[in-house]
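Chain by chain, the residues run as shown.
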Amino acid sequence: MNSRNTFLEINLNNYVKNISFFKEKIFPRKIISVVKADAYGHGAVEISKAANNSGVYNFVVAFFEEAIELKDNGIVGEILILNYFNPKYINEIVDRGISVTLFSESQLKEWTSFLKEENKQLLKIHLNIDTGMNVLGIKIDEAYEIIENLYENGYCLEGIYSHYTNADIIDSKFYKKQKEEFSAFVEKVSSKHSMKYIHISNSAASISNNIDENYVRLGIYSYGLQAIPEIFLGEINPVMSFKSIISDLKKIKKSDTVGYGRTFTARRSMNLASIPVGYADGYDRKFSNNGDVLIKGKKCPIVGRICMDQFVVNISDINEKVSIGDEVVLFGNQKNEEIKVENLAERINTLNYEIISRISKRVERRYINIK
Ligand SMILES: *Cc1c(COP(=O)(O)O)cnc(C)c1O
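Residues numbered from 1 in each chain as written. Predicted model: local features only at pLDDT ≥ 70, side-chain atom pairs only at ≥ 80, totals over all residues. Heavy atoms only, no water.

Before going further, it helps to spend a moment on the packing of aromatic side chains. If you walk through the whole model with that rule in mind, you get 13 aromatic pairs. Seen from their ring centres, phenylalanine 242 and tyrosine 283 are 6.4 Å apart, and the 80 degrees between their planes marks the pair as edge-to-face. On the criterion of sequence distance, the pair formed by phenylalanine 242 in strand β11 (residues 240–245) and tyrosine 283 in the loop between β15 (270–275) and β16 (292–295) is long-range, its members being 41 residues apart. Tyrosine 283 matches phenylalanine 242 in its accessibility class, with the two residues each being buried. Here tyrosine 283 and phenylalanine 287 contribute two aromatic rings whose centre-to-centre distance is 4.9 Å and whose plane-to-plane angle is 40 degrees, an arrangement assigned as tilted. In terms of burial, tyrosine 283 and phenylalanine 287 fall into one category: buried. Three or more aromatic residues link up through ring pairs in this structure, and these residues are Phe242, Tyr283, Phe287, Phe311 and Phe331. The ring of phenylalanine 7 is capped by arginine 366, whose NZ or CZ atom sits 3.9 Å from the centre of that ring. (Phe/Tyr/Trp six-rings, centres within 6.5 Å; stacked < 30°, edge-to-face > 60°. Helix = DSSP H or I, 4+ residues; strand = E, 2+ residues; numbered from the N terminus. Buried < 20%, exposed > 50% of the residue type's maximum accessible area, 1.4 Å probe, protein only. Lys NZ or Arg CZ within 6 Å of the ring centre and 35° of its normal.)

This paragraph deals with the nonpolar core. Soluble globular proteins tend to pack their nonpolar side chains together in the buried interior. In this structure, Leu127, Tyr283, Val293, Ile295, Phe311, Val313 and Phe331 are the most contacted members of the largest nonpolar core, which totals 111 residues. Beyond its immediate sequence surroundings of up to four residues, leucine 127 is in contact with Leu102, Ile138, Ala143, Ile146, Ile147, Leu150, Leu157, Gly159, Ile160 and Tyr161. Val258, Phe264, Ala266 and Val303 belong to the second-largest nonpolar core, a separate cluster that totals eight residues. (Core = buried A, V, L, I, M, F, W, Y, C linked by side-chain atoms within 4.5 Å. Contact = heavy atoms within 4.5 Å.)

The next thing to look at is the pattern of salt bridges. The final tally for this structure, using the stated rule, is 23 salt bridges. Here glutamate 327 ties to lysine 243 by a salt bridge, and the two come within 3.9 Å at their closest N and O atoms. One end of the pair, glutamate 327, is in strand β19 (residues 327–334); the other, lysine 243, is in strand β11, and 84 residues separate them in sequence. Exposure remark for glutamate 327: the relative accessible area of 35% places this residue in the partly exposed category. Beyond isolated ion pairs, a larger network of salt bridges with shared partners links Arg4, Asp281, Asp309 and Arg362. (Salt bridge = Lys/Arg side-chain N within 4 Å of Asp/Glu carboxyl O.)

Further remarks concern the domain arrangement of the protein chain. Under the domain assignment used here, the protein chain contains domain 1 (11–223) and domain 2 (240–339). For domain 1 versus domain 2, the separation of C-alpha centres amounts to 42 Å. (Domains from an automatic or database assignment.)

This brings us to the site of the ligand. Close to the ligand lie Val34, Lys36, Tyr40, Leu82, His163, Asn202, Ser203, Arg217, Gly219, Ile220 and Tyr353, which account for all nearby residues. Contact between the ligand and tyrosine 40: an oxygen atom at 2.6 Å from a side-chain N or O atom of the residue. When the ligand sits alone it has 390 Å² of accessible area, and the protein chains cover 88% of it. For the shell around the ligand, a count of residues per class yields five nonpolar, four polar and two charged. (Near = heavy atom within 4 Å. Polar contact = N/O pair within 3.5 Å; in protein donor to acceptor, adjacent residues only side chain to side chain. Areas by Shrake-Rupley, 256 points an atom, 1.4 Å probe, with all protein chains shown as cover. Nonpolar A, V, L, I, M, F, W, Y, C, P; charged D, E, K, R; others polar.)

Before going further, it helps to examine the state of the cysteines. This model, assessed by the stated rule, comprises zero disulfides. Unpaired in terms of disulfides, cysteine 300 finds its nearest cysteine sulfur in cysteine 307, a separation of 18 Å. In this structure cysteine 300 comes out as buried when scored by relative accessible area, which is 2%. (Disulfide = S-S within 2.5 Å.)

With that out of the way, let us pick up helix α7 (residues 140–152). Relative to the 18 Å expected for 13 residues at 1.5 Å per residue, α7 spans 19 Å between its end C-alpha atoms, a close match to the ideal helical length. For α7, the elements touching its buried residues are β5 (99–102), α6 (105–114), β6 (124–130), β7 (138–139), β8 (156–161) and α8 (173–190). (Expected span 1.5 Å × (residues − 1).)

Turning our attention to the environment of phenylalanine 287. Position of phenylalanine 287 relative to the elements: it lies in the loop between β15 and β16. Judged by relative accessible area, which is 2%, phenylalanine 287 ranks as buried. Separated by 35 residues in sequence, phenylalanine 287 and valine 322 place their C-alpha atoms 23 Å apart. Setting aside residues up to four positions removed in sequence, phenylalanine 287 forms contacts with Ile302, Ile306, Leu344, Arg347, Ile348 and Ile355.

Attention now moves to the packing of α7 against α8. The N-to-C vectors of α7 and α8 enclose an angle of 20 degrees; their axes lie 11 Å apart at closest approach. The orientation of α7 relative to α8 falls into the category roughly parallel. Considering how the two elements wind past one another, α7 and α8 form a crossing that is right-handed. Seen from α7, the contacting residues are Ile140, Ala143, Tyr144 and Ile147; seen from α8, they are Glu181, Phe182, Phe185, Lys188 and Val189. (Axes fitted to C-alpha atoms, helices over the stretch in contact; angles between N-to-C directions. Parallel < 35°, antiparallel > 145°, perpendicular 65-115°, else oblique. Left-handed = near helix turned anticlockwise from the far one by under 90°.)

Moving on to the side chain of asparagine 314. Tracing the chain through its elements places asparagine 314 in strand β18 (residues 311–314). Looking at asparagine 314, the relative accessible area reads 11%, which means it is buried. A polar side-chain atom of asparagine 314 sits 2.7 Å from a polar atom in the side chain of serine 316.

In terms of burial, helix α3 (residues 44–53) is largely enclosed, as seven of its ten residues are buried. Looking at α3, one finds that the buried residues are Ala44, Val45, Ile47, Ser48, Ala50, Ala51 and Asn52. Buried residues along α3 sit in contact with β1 (7–11), α1 (12–26), β2 (30–34), α2 (36–40), β3 (58–61) and α4 (64–72).

Set out below in structure tokens:
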């Protein structure tokens with residue numbers, strides 16, 4: 001049921017096209033599809049199925065539950081957990097064939113205390129090397145010893161990776177430093193142990209030629225959104241659009257106010273439309289008096305505060321007849337107009353990542369697959 005005709009339209013064709021574009025772009029490196037946080041709000045299962053259909057068989061998620069969801073829904077391939085899990089789950093992780101990230105030495109001790117002896121050889125570990133992020137990861141000068149230690153104790157190291165702090169900044173010195181340190185480390189380790197997976201690039205880093213890895217962790221670009229403010233990648237297309245309808249129409253007079261706190265006062269009589277989407281849907285309250293939507297292909301400014309379940313726009317500039325039930329586009333295309341997620345993000349001083357990943361479960365995801 002969708003009684004308020006409000007949904008995220010997820011265009012899987014665009015996803016598949018973005019993936020094919022990147023397959024070529026990053027060749028000979030391969031794609032690891034980043035599907036954490038429900039594939040940035042797109043729906044991890046549907047997106048991962050589309051990835052499988054495009055020949056992508058590697059995934060990363062943040063948490064164990066996200067990996068379980070993919071496995072339980074028949075997603076084929078390797079799934080790597082990037083983040084923390086309670087060590088008591090270590091055997092279940094092995095049983096499910098999921099790979100884990102080792103990001104600290106103490107973690108290994110905890111795992112060992114729970115790990116069944118017969119699972120030791122089966123545990124698939126990627127080592128997260130900290131090259132400057134200082135969020136998760138083993139310091140590069142401690143990493144080599146830990147690797148030696150792993151092998152001596154009968155563990156299997158499946159991969160090593162790191163993460164860039166500012167790959168979205170062109171010509172960043174720190175980016176170069178991270179890249180060089182990681183490369184040097186990879187070279188040192190590879191001379192002794194063969195490593196199945198070596199990966200450092202995220203979307204922003206993927207488009208510069210990085211040969212010191214065989215996989216790229218591709219997130220935001222696969223969803224058709226931009227990763228680098230100064231570079232517009234025209235070959236990809238957004239996968240997600242946010243659509244709703246008009247729930248009510250009204251006229252107000254000069255000096256009338258709109259919504260909670262009376263933050264908007266009409267300077268003249270105007271026509272307004274209400275839209276049944278609010279901050280509980282993940283449509284940020286900071287769009288209060290600061291944003292617009294598309295109706296009849298025209299940008300209509302938001303007036304007053306965003307409520308929990310609705311907000312109001314000014315439709316006075318629309319010349320055609322507007323009716324209850326007419327389509328409203330919160331982001332995406334309508335006729336010849338577009339509202340980009342990047343523009344919304346800029347308005348409220350955040351990233352496209354946050355806008356899309358915070359749209360709540362209350363909003364239906366509707367998949368389109370026009371062939
Ligand atoms: C989220 C994430 C990515 C993907 O980043 P994008 O900029 O979306 O491509 C890659 N690596 C790690 C470790 C991540 O957490």
